[in-house]
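# Residue-level structure breakdown
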Amino acid sequence: GYNDGGRQVSHLHRDLPDNLHCLVEGRKLFTIVDPAVLSPSTEHGWGNLYHPGNVHGPDFNAPKRQCLLEPGEYLFLPSMYWHAVVSLQGRNLGVNFWYKPAGGAADGA
């Protein structure tokens, strides 16, 4: 799980396992980018799971979708989908359920 005091911002990144994020308290804004339209950047030591682009900046040109989660809602993020998260107000409490997709990227396929 993850608990923060609000206004936490994650860098644009992706996870190997599938992720089901369940929001218990607070509000979170997820910005999601399809991996087919955004290549990983290995510049500046970011590796292939992080991207130096500012998904909220005016120079970010890849198509993106946003999802606002409220308490009691959940979001499924498929393996290797780019995402950035902003915790919006007060205390935020979320629980992640990460699991390996059968035959997917987390299995090395």
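Heads up: these notes are all about the structure in this document. (Residues numbered from 1 in each chain as written. Predicted model: local features only at pLDDT ≥ 70, side-chain atom pairs only at ≥ 80, totals over all residues. Heavy atoms only, no water.)

## Brief notes about the overall build of the protein
Rules: The way it works is that DSSP assigns letters per residue, a run of H or I at least four long becomes a helix, a run of E at least two long becomes a strand, and they are numbered from the N terminus. Residues are treated as being in contact if the distance between any of their heavy atoms lies within 4.5 Å. Shrake-Rupley sampling with a 1.4 Å probe provides the accessible areas, and residues are treated as covered by the protein chains on show and by no other component.
Tallying secondary structure elements over the protein gives zero helices and seven strands in all. Going from the N terminus to the C terminus, the protein shows its helices and strands as β-β-β-β-β-β-β. Taking all contacts inside the protein whose residues are at least 6 apart in sequence as the whole, residues at least 24 apart take part in 88%. Entry remark: accessible area of the protein is about 6,300 Å², with carbon and sulfur atoms responsible for 54%.

## What to know about the sheet that holds strand S6 (residues 82-87)
Where we set the bar: When DSSP finds two or more bridges between two strands, those strands count as paired. Structural elements are reduced to axes, namely lines fitted to C-alpha atoms, with helices fitted over the stretch in contact, and the angle between N-to-C directions of any two is expressed from 0 to 180 degrees.
Pairing is antiparallel across the open sheet formed by three strands, whose spatial order is S4-S3-S6. The sheet is open, and its two edges are formed by strand S4 (65-69) and S6, each paired on a single side. Sheet twist, expressed as the average angle between the axes of neighbouring strands with direction ignored, equals 20°. With five bridges connecting them, strand S3 (residues 28-33) and S4 associate as antiparallel partners.

## Describing the nonpolar core
Convention followed: In this text, buried Ala, Val, Leu, Ile, Met, Phe, Trp, Tyr and Cys residues form a nonpolar core when linked through side-chain atoms within 4.5 Å. Each residue gets one of three labels from its accessible area relative to the maximum for its type: buried under 20%, exposed over 50%, partly exposed in between, using a 1.4 Å probe on protein chains only.
With eight residues, the main nonpolar core is built from Leu12, Val33, Leu38, Val55, Phe60, Ala62, Trp82 and Ala84. In contact with Phe60, other than residues within four places in its own chain, are Leu12, Val33, Leu38, Asn54 and Val55. Among the nonpolar cores identified, the runner-up in size contains seven residues, and Ile32, Leu75, Leu77 and Val85 belong to it.

## Some details on the pattern of salt bridges
Stated formally: For this analysis, a salt bridge means a side-chain nitrogen from Lys or Arg found within 4 Å of a carboxyl oxygen belonging to Asp or Glu.
According to the stated counting rule, one finds two salt bridges in the structure shown. Of the charged contacts, one joins Arg91 and Glu25 as a salt bridge, the two residues approaching to 3.2 Å between their closest N and O atoms. On the criterion of sequence distance, the pair formed by Arg91 in the loop between S6 and strand S7 (92-99) and Glu25 in strand S2 (residues 18-25) is long-range, its members being 66 residues apart. The exposure class assigned to Arg91 is partly exposed, which follows from its relative accessible area of 44%. Taking the relative accessible area as the measure of exposure, Glu25 reaches 33% and is therefore partly exposed.

## Notes on the pairing of S2
Each regular strand shows side chains that alternate between the opposite faces of the sheet. Sheet topology places S2 next to S7; seven bridges connect them, and they run antiparallel. Bridging from a neighbouring strand, Cys22 pairs with Val95 of S7.

## So, unusual backbone geometry
The backbone of Met80 sits at a positive phi, close to 70°, despite the residue not being glycine. Tracing the sequence through the fold places Met80 in the loop between strand S5 (74-77) and S6.

## A short note on the side chain of His13
Here is the rule: Nitrogen and oxygen atoms within 3.5 Å of one another constitute a polar contact, given that in protein one can donate a hydrogen and the other can accept it, and given that sequence-neighbouring residues count only through two side-chain atoms.
Residue placement: His13 occurs in the loop between strand S1 (2-4) and S2. Taking the relative accessible area as the measure of exposure, His13 reaches 15% and is therefore buried. Within polar-contact distance, the side chain of His13 engages the backbone oxygen of His11 at 2.8 Å. Residues in contact with His13, not counting those within four places in the same chain, are Leu49, Tyr50, Tyr81, Trp82 and His83.

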